[in-house]
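One-letter residues, chain by chain:
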Amino acid sequence: MVNSEPNDRVSAADAGFAKALAEPYAFALLTWPAVIALMAAPDWPAWTRIALWVGLAAMQLAAYTGGRGAGLGNVMLFTSGIVALAAHGHPSPWSLAALPALFIGLHAAQRARLKSARDPVAVAEDTARVGG
């Protein structure tokens with residue numbers, strides 16, 4: 001039987017875990033369309049390309065800040081490069097080769113984000129319990 005009562009005791013660790021799992025996908029949803037637009041529409045007016053570049057740069061920098069760590073920023077930058085390569089070679093079936101790399105990159109981003117989101121006190125308690 002599923003407990004349908006509201007649980008007021010949702011811990012901060014659970015909220016942090018959900019946020020850490022969701023952030024790589026949020027960054028992907030915000031950055032990859034800008035990368036594709038920059039690669040696919042070079043004849044757009046200059047102000048739209050500049051706006052896309054500024055927005056893309058802001059999102060890439062945001063991936064490095066906010067306690068997310070360099071791991072998430074590096075992976076998101078790498079996956080944006082993969083998307084750019086796939087958009088560059090779009091008519092070719094080789095652009096589909098980017099999909100496995102993107103899935104692996106999103107998984108790596110989640111792992112990097114989870115690693116940086118762990119509570120230092122919990123890490124110290126785990127180390128003390130194991131004896132290391």
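Preceding this section is the structure that the text describes.
What you see is a predicted model, and the numbers here were worked out from it, not measured in a lab.

Here is what the cut-offs are and how they apply
- Residues numbered from 1 in each chain as written.
- Predicted model: local features only at pLDDT ≥ 70, side-chain atom pairs only at ≥ 80, totals over all residues.
- Heavy atoms only, no water.
- Salt bridge = Lys/Arg side-chain N within 4 Å of Asp/Glu carboxyl O.
- Helix = DSSP H or I, 4+ residues; strand = E, 2+ residues; numbered from the N terminus.
- Buried < 20%, exposed > 50% of the residue type's maximum accessible area, 1.4 Å probe, protein only.
- Expected span 1.5 Å × (residues − 1).
- Arc of directions from axis to C-beta.
- Core = buried A, V, L, I, M, F, W, Y, C linked by side-chain atoms within 4.5 Å.
- Contact = heavy atoms within 4.5 Å.
- Patch = residues over 30% accessible without salt bridge, like charges linked within 9 Å, V, L, I, M, F, W, Y side chains within 5 Å.
- Areas by Shrake-Rupley, 256 points an atom, 1.4 Å probe, with all protein chains shown as cover.
- Axes fitted to C-alpha atoms, helices over the stretch in contact; angles between N-to-C directions.
- Nonpolar A, V, L, I, M, F, W, Y, C, P; charged D, E, K, R; others polar.
- Parallel < 35°, antiparallel > 145°, perpendicular 65-115°, else oblique.
- Left-handed = near helix turned anticlockwise from the far one by under 90°.

Caption draft 1: Just the pattern of salt bridges, in detail. Applying the stated criterion across every chain, the model contains two salt bridges. Measuring nitrogen to oxygen at the nearest pair gives 3.3 Å for the salt bridge that ties Arg68 to Glu23. Taken together, the residues Arg68 in the loop between helix H2 (46-64) and helix H3 (69-88) and Glu23 in helix H1 (residues 12-40) connect sequence positions 45 residues apart. Ionic pairing is found between Arg113 and Glu23, a salt bridge with its closest N-O pair at 2.4 Å. Taken together, the positions of Arg113 in helix H4 (residues 98-117) and Glu23 in helix H1 put the pair 90 residues apart, joining distant regions of the chain. Assigned by exposure class, Arg113 and Glu23 land together as buried. Each of the salt bridges in this network shares a partner with another, and the network as a whole consists of Glu23, Arg68 and Arg113.

Caption draft 2: Representation of H2 in the model. Given a rise of 1.5 Å per residue, 19 residues ought to cover 27 Å, and the 28 Å separating the end C-alpha atoms of H2 matches this to within 8%. Within H2 the residues assigned to the buried category are Thr48, Leu52, Leu56, Gln60 and Ala63. The buried residues of H2 all sit within an arc of 100 degrees when viewed along its axis, so they share a single face. More than 90 degrees from the buried face of H2, the exposed residues found are Trp47, Ile50, Val54 and Leu61. Once H2 finishes, Gly66 follows within two positions and takes phi at roughly 75 degrees, a positive value.

Caption draft 3: Quick look at the nonpolar core. Membership of the largest hydrophobic core comes to 21 residues, with the highest contact counts inside it found for Trp32 and Met76. Mapped by element, the contributors of at least two residues to this core are H1, H2, H3 and H4. Residues contacting Trp32, with those up to four places away along its chain left out, are Thr79, Ser80, Val83, Leu102 and Leu106.

Caption draft 4: Fine view of H3. With 20 residues, H3 ought to run about 28 Å at 1.5 Å a step, and its terminal C-alpha atoms sit 29 Å apart, in line with that. Listed in full, the buried residues belonging to H3 are Leu72, Gly73, Val75, Met76, Thr79, Ser80, Ile82, Val83, Ala84 and Ala86.

Caption draft 5: Region of interest: a nonpolar patch on the surface. A grouping of Leu96, Leu99 and Phe103 is seen on the molecular surface, where their side chains present a nonpolar patch of about 340 Å² in accessible area. By the element assignment, Leu99 lies in helix H4. By relative accessible area, which is 41% here, Leu99 ends up partly exposed.

Caption draft 6: View of the packing of H2 against H3. H3 packs onto H2 with a crossing angle of 150 degrees between their chain directions and a minimal axis gap of 6 Å. Packed against H2, whose contacting residues are Gln60, Ala63 and Tyr64, the element H3 presents Gly69, Ala70, Leu72, Gly73, Asn74, Met76, Leu77 and Ser80 at the interface. Residue composition of the contact of H2 with H3, grouped by class: six nonpolar, five polar and no charged.

Caption draft 7: Local environment of the packing of H3 against H4. Following both chains from N to C, one finds H3 and H4 inclined at 165 degrees, their axes separated by 8 Å at the closest point. With respect to H4, the element H3 is oriented roughly antiparallel. Handedness of the crossing formed by H3 with H4: left-handed. Together, Gly69, Gly71, Leu72, Val75, Met76, Thr79, Ile82, Val83 and Ala86 of H3 and Ala98, Ala101, Leu102, Gly105, Ala108, Ala109, Ala112, Arg113 and Ser116 of H4 make up the contact between the two elements. Among the residues forming the contact of H3 with H4, the class breakdown is twelve nonpolar, five polar and one charged.

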